[in-house]
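# Working through the structure, step by step
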Amino acid sequence: MRVLVTGGAGFIGSHVAETFLRAGHQVTVLDDLSSGKRENLPEGVRFIQADIRSAQAREAIVVGAYDAVVHQAAQIDVRRSVDDPAYDADINLIGLLNLLEACVEANVRRFIFASSGGACYGEQIVYPAPESHPLQPVSPYGASKAAGELYLGFYFKEKKLPYLALRYSNVYGPRQDPAGEAGVVAIFNGRCLRKQACTIYGDGKQTRDYVYVADVARANLLALESDYIGSLNIGTGKETDVLRLHDAVAKAAGSSIPPTFAPARAGEQRRSCIDPTMAARVLGWRPEVDLERGIALTVDHFRSRLAGMRAKATA
C-alpha cells in the first residue's frame, strides 16, 4: 500500500512510519520539521518538507496516488492552545481540512487521524472512558481534536472518504522530546539520568493512562488494514499517578534524588484513563508493553542518547 504519513519525522509519526515500512508498505513522510527531526526518519522513506496548511502539501497528495493518508502532524502543546487558540485551530483544523480536500480530490481510500482520548473527554464521568463518553474538552487543543473528528464524519458521509480516528492516551517512549509539553516521561528521564531533581506540579496524585509508542504504532498499522469507520481508544485502561511514574523512572535511571513540588497548574485534569476494549474487538489490538518494561526501554534510549551527546562534547 502507498501511504503518506504526516508528521512522520516526529516522535509518534516516526515510529508509525517505521512500522509501516517493516510491514512492506511504501511510505512517504510529509513534515515541516518545526518539531520533527530528520534523524528520526527511518531509512527507506521518501521525504517531503511541507506545512500541512500549504498548497505544496495539498499538491503532494493530489499527485501522489496514495492509498491512505495517516495524519500524525499537529499542534500538541495544550498550554499554547490556551494562550493562542487561533494558532491551534489554524494547524489542527485548517491544516486538517487542507489534507481532507486533497484526499477527496485524489480519491484516497483511507484516512487515519491521530486524535486524543484524554483531551477530548476532558474531566471524565466514567473511568476508564469508553468511546461513548461525552466529548467535553477543557482546552482548545482538545476542542480541535474533537472538532476534527466531526469533520471526518462529514467527509465520510458527504464525500465518501473512509476514516478511523485513534484516540490516544498519553503516549511515551524513545524519541519523545523532553522539551515537549506532553513529554513528562521524557522530562523525568532527562533529569533523572543527569541526577537532577524532577518537578512535580500539585500533589502528584493526578493520573494519566500511559501507552508505549510501539503499541500505538502497531494500532496505526492495524487501522490501516481495517475497514472500520469511527473512533477507537488506544490506551491501557490503567491509571498511573505522577508520583508512581516518577518513582519508576528514577529507579530505572538509578537516581535517588527526591522530586521537588510546585503549585498545581491551572486547568490540569485530575484523572484521565481510557477504555481500549473496542479496539481489541474491532482491530484485535491490545497494549503489549507494560509500564515497567516501557519505562526501562525509554530510559535505555535516553541513556544512549545522553552518552552520545557527552562523547561529542568531549571529542
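Residues numbered from 1 in each chain as written. Predicted model: local features only at pLDDT ≥ 70, side-chain atom pairs only at ≥ 80, totals over all residues. Heavy atoms only, no water.

### What about the overall build of the protein chain?
Check the secondary structure of the protein chain and you find 11 helices and 13 strands. Taking 315 residues into account, the globule formula puts the C-alpha radius of gyration at 20 Å, and the protein chain, at 19 Å, falls close to it. Considered along the principal axes of its C-alpha atoms, the protein chain spans approximately 55 × 55 × 40 Å. Partitioning the contacts of the protein chain with sequence separation of at least 6, the portion at a separation of at least 24 is 78%. The positive charge centre, built from 36 side chains, and the negative charge centre, built from 35, are 4 Å apart in the protein chain. (Helix = DSSP H or I, 4+ residues; strand = E, 2+ residues; numbered from the N terminus. Rg over C-alpha atoms; globule rule 2.2 N^0.38 Å. Contact = heavy atoms within 4.5 Å. Lys, Arg positive; Asp, Glu negative; His and termini not counted. Charge placed at Lys NZ, Arg CZ, Asp CG, Glu CD.)

### A word on helix 6 (residues 140–159)
Under the 1.5 Å per step criterion, the end-to-end length of helix 6 is 27 Å for 20 residues, consistent within 8% with the ideal 28 Å. For helix 6, the elements touching its buried residues are helix 3 (78–83), helix 4 (85–106), strand 5 (110–116), helix 5 (117–121), strand 6 (163–168) and strand 11 (230–234). Backbone geometry just downstream of helix 6 places Lys160 in the positive-phi region, at approximately 60 degrees. (Expected span 1.5 Å × (residues − 1).)

### Examining the pairing of strand 5
Both faces of the sheet carry side chains from a regular strand, because those side chains alternate between them. Extensive coverage of strand 5 is indicated by the burial of seven of its seven residues. The alternating pattern of strand 5 places Arg110, Ile112, Ala114 and Ser116 and Phe111, Phe113 and Ser115 on opposite faces, both of which are buried. In this structure, strand 4 (residues 68–71) lies alongside strand 5, joined through four bridges in parallel fashion. Residue pairing for strand 5: Val69 is matched across the bridge by Phe111. Bridge count for strand 5 against strand 6 is six bridges, and the pairing is parallel. Paired with Phe113 across the bridge in strand 6 is Ala165. (Buried < 20%, exposed > 50% of the residue type's maximum accessible area, 1.4 Å probe, protein only. Pairing = 2+ DSSP bridges.)

### Quick notes on the side chain of Ser139
Counting through the fold element by element, Ser139 comes out in the loop between helix 5 and helix 6. Side-chain polar atoms of Ser139 contact the backbone nitrogen of Gly142, separated by 3.0 Å. (Polar contact = N/O pair within 3.5 Å; in protein donor to acceptor, adjacent residues only side chain to side chain.)

### Describing the sheet that holds strand 11
One open sheet holds the seven strands; their spatial order is 3-2-1-4-5-6-11, and the pairing between them is parallel. Both outer strands of the open sheet, strand 3 (46–49) and strand 11, are each paired with one neighbouring strand and no more. Between one strand and the next, the sheet's axes are offset by a mean angle of 20 degrees, whatever the strand orientation. Helix 1 (residues 11–22) contacts strand 1 (2–6), strand 2 (26–31), strand 4 and strand 6 of the sheet and is inclined by roughly 165 degrees relative to strand 2. (Axes fitted to C-alpha atoms, helices over the stretch in contact; angles between N-to-C directions.)

### Here's the deal with the nonpolar core
Counting residues in hydrophobic clusters, the biggest one holds 33 residues, and the most contacted among them are Ile12, Phe20, Val70, Leu166, Tyr168, Val171 and Ile234. Once residues lying within four places of it in the same chain are set aside, the contact partners of Val171 are Phe11, Ile12, Gln176, Val211, Val213 and Val216. (Core = buried A, V, L, I, M, F, W, Y, C linked by side-chain atoms within 4.5 Å.)

### Regarding the pattern of salt bridges
For the coordinates displayed, the defined rule picks out 13 salt bridges. A salt bridge links Glu18 to Arg22, with the nearest nitrogen and oxygen atoms 3.8 Å apart. Residue Glu18 and its partner Arg22 are both found in helix 1; the two are separated by four residues, about one turn of the helix. Residue Asp67 pairs with Arg109 through a salt bridge whose shortest N-O separation is 2.7 Å. Separated by 42 residues along the polypeptide, Asp67 in the loop between helix 2 (55–64) and strand 4 and Arg109 in the loop between helix 4 and strand 5 bring together distant segments of the chain. (Salt bridge = Lys/Arg side-chain N within 4 Å of Asp/Glu carboxyl O.)

### A look at the state of the cysteines
Here, the word disulfide means a covalent bond between the sulfur atoms of two cysteines. Across all of its chains, the model carries zero disulfides by this definition. Summary of cysteine pairing: Cys120 is not part of a disulfide, and the nearest cysteine sulfur, belonging to Cys273, is at 16 Å. (Disulfide = S-S within 2.5 Å.)

### Thoughts on the packing of helix 2 against helix 4
Two elements in contact, helix 2 and helix 4, have axes whose closest approach is 8 Å; the angle formed by their N-to-C orientations is 25 degrees. Between helix 2 and helix 4, the interaxial angle falls into the category roughly parallel. Helix-helix and strand crossings are classified by hand; for helix 2 and helix 4 the assignment is right-handed. Contacts between helix 2 and helix 4 involve Ala57, Arg58, Ile61 and Val62 from the former and Asn98, Leu99, Glu101, Ala102, Cys103, Glu105 and Ala106 from the latter. In terms of residue class, the contact of helix 2 with helix 4 is built from seven nonpolar, one polar and three charged. (Parallel < 35°, antiparallel > 145°, perpendicular 65-115°, else oblique. Left-handed = near helix turned anticlockwise from the far one by under 90°. Nonpolar A, V, L, I, M, F, W, Y, C, P; charged D, E, K, R; others polar.)

### Focus on the packing of helix 1 against helix 8 (residues 213–224)
Close contact between helix 1 and helix 8 brings their axes to 9 Å; oriented N to C, the two are set at 55 degrees. Classed by the angle they form, the pair helix 1 and helix 8 counts as oblique. Between helix 1 and helix 8 lies a crossing whose hand is right-handed. Where helix 1 abuts helix 8, its residues Phe11, Ile12, His15, Val16, Thr19 and Phe20 lie against Val213, Val216, Ala217, Asn220, Leu221 and Leu224. Here the contact of helix 1 with helix 8 is built from residues that sort into nine nonpolar, three polar and no charged.

### Points about the packing of aromatic side chains
Scanning the entire structure with this criterion turns up three aromatic pairs. Between Phe156 and Tyr163, the ring centres sit 6.3 Å apart and the planes meet at 70 degrees, which makes this aromatic pair edge-to-face. Measuring from ring centre to ring centre gives 5.5 Å for Tyr172 and Tyr212, while their planes differ by 65 degrees; the resulting arrangement is edge-to-face. Here Tyr212 lies in strand 10 (residues 210–212) and Tyr172 lies in strand 7 (residues 170–172), a separation of 40 residues in the sequence. Residue Tyr212 is classed as buried on the basis of its relative accessible area, which comes to 8%. (Phe/Tyr/Trp six-rings, centres within 6.5 Å; stacked < 30°, edge-to-face > 60°.)

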